[in-house]
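# Observations on the three-dimensional arrangement
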Amino acid sequence: MKLLLSFLLFTTISFSALAEVDLVQVVKSERKMYLFDGSRLIREFDVALGANPKGHKQQEGDERTPEGRYQLDYIKEDSSFYRAMHVSYPNELDKQTAKERGVSPGGLIMVHGQRNRLGWLSLLSQRFNWTNGCIAITNDEMDEFLTLVPVGTVIDISWEPLP
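Since this is a predicted model, take the numbers as computed values, not measurements.

Cut-offs used in this document
- Residues numbered from 1 in each chain as written.
- Predicted model: local features only at pLDDT ≥ 70, side-chain atom pairs only at ≥ 80, totals over all residues.
- Heavy atoms only, no water.
- Helix = DSSP H or I, 4+ residues; strand = E, 2+ residues; numbered from the N terminus.
- Contact = heavy atoms within 4.5 Å.
- Core = buried A, V, L, I, M, F, W, Y, C linked by side-chain atoms within 4.5 Å.
- Buried < 20%, exposed > 50% of the residue type's maximum accessible area, 1.4 Å probe, protein only.
- Salt bridge = Lys/Arg side-chain N within 4 Å of Asp/Glu carboxyl O.
- Phe/Tyr/Trp six-rings, centres within 6.5 Å; stacked < 30°, edge-to-face > 60°.
- Pairing = 2+ DSSP bridges.
- Axes fitted to C-alpha atoms, helices over the stretch in contact; angles between N-to-C directions.

### Some points on the environment of valine 103
Within the secondary structure, valine 103 sits in the loop between helix H3 (92-101) and strand E6 (110-112). Sequence spacing of valine 103 and glutamate 60 is 43 residues, and the spatial spacing of their C-alpha atoms is 7.7 Å. Residues in contact with valine 103, not counting those within four places in the same chain, are Gln58, Gln59 and Ala98.

### Structural notes on the nonpolar core
Ranked by internal contacts, the top residues of the largest apolar core, which has 25 residues, are Met33, Leu35, Val111, Phe145 and Ile155. Counting residues per element, the ones that place at least two in this core are strand E1 (23-27), strand E2 (32-37), strand E3 (40-46), strand E4 (68-76), strand E5 (84-87), helix H5 (139-148) and strand E8 (154-158). Ranked by residues supplied to this core, first place goes to H5 with 4 residues. Setting aside anything within four residues of it in sequence, one finds phenylalanine 145 in contact with Val24, Met33, Leu35, Phe45, Leu72, Met85, Val111 and Ile137.

### Here we look at the pattern of salt bridges
Scanning the model with the defined rule gives 11 salt bridges in all. A salt bridge links arginine 69 to aspartate 156, with the nearest nitrogen and oxygen atoms 2.7 Å apart. Of this pair, arginine 69 sits in strand E4 while aspartate 156 sits in strand E8, and the two are 87 residues apart along the sequence. According to the relative accessible area criterion, arginine 69 is exposed, its value standing at 56%. Overall, the relative accessible area of 8% leaves aspartate 156 in the buried class. Overlapping salt bridges, with partners in common, bring together Lys32, Glu44 and Asp46 in one network.

### Some details on the packing of aromatic side chains
On inspection of all chains with the given rule, the structure shows 3 aromatic pairs. Judged by centre distance (6.4 Å) and plane angle (65°), the ring pair of phenylalanine 45 and phenylalanine 145 falls under edge-to-face. With a gap of 100 residues between them, phenylalanine 45 in strand E3 and phenylalanine 145 in helix H5 connect regions that are remote in the sequence. For phenylalanine 45, a relative accessible area of 0% corresponds to the buried category.

### With respect to the side chain of histidine 112
On the secondary structure map, histidine 112 appears in strand E6. Residues in contact with histidine 112, not counting those within four places in the same chain, are Phe81, Tyr82, Arg83, Ala84, Trp130, Thr131, Cys134, Ile135, Ala136, Ile137 and Met142.

### Things to note about the pairing of E1
For E1, the buried fraction is high: 5 of the 5 residues fall into the buried class. Because side chains alternate across E1, one face comprises the buried residues Leu23, Gln25 and Val27, and the other comprises Val24 and Val26, equally buried. Between the end of E1 and the start of E2, which pair antiparallel, lie 4 residues, with arginine 31 showing a positive phi angle near 55°. In the sheet, E1 pairs with E8 via 5 bridges, with the strands oriented parallel. Paired with valine 27 across the two strands is serine 158, which belongs to E8.

### Topic: the sheet that holds E1
Strands sit in the order E3-E2-E1-E8-E4-E5-E6-E7 across an open sheet of 8 strands; the sheet is mixed. Only two strands of the sheet have a single partner each, and these edge strands are E3 and strand E7 (135-136). Sheet contacts for H5: E1, E2, E3, E4, E5 and E6; angle to E3, the most-contacted strand, approximately 155°.

Right under this line is the structure:
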């Protein structure tokens, strides 16, 4: 009986809870974020992006979400938004390109929840792009994201799905 109960308990555990996410992929044209363990899709989220989503972030204030391969390099709990994980933008190429243009590349790009104290608005806010270049999900999804995605995970951000 004990063995049967143990088996039933184990089989009811979500496979996503057992996953080790090693890639986060954001497809801006679909407004989707996908979490992968190897080639296996673990979780999919609807996202809100920068208010001017098409194209790579060029400079601070352009309201674009960067495109390219970055790392999720630390968790920020004291954000203006409900929990956050930092995207390693700008990389060296982003900094050099901005320097050549005589502008600041910007920074503090995050995957985050809703603005503090406004989580209840997510049913509405997640229907359009409203961030300054970040990737927003609901607060409950942010809690799940942080349990599934370890610091150091690669994040690929593109307009179209990658091959």
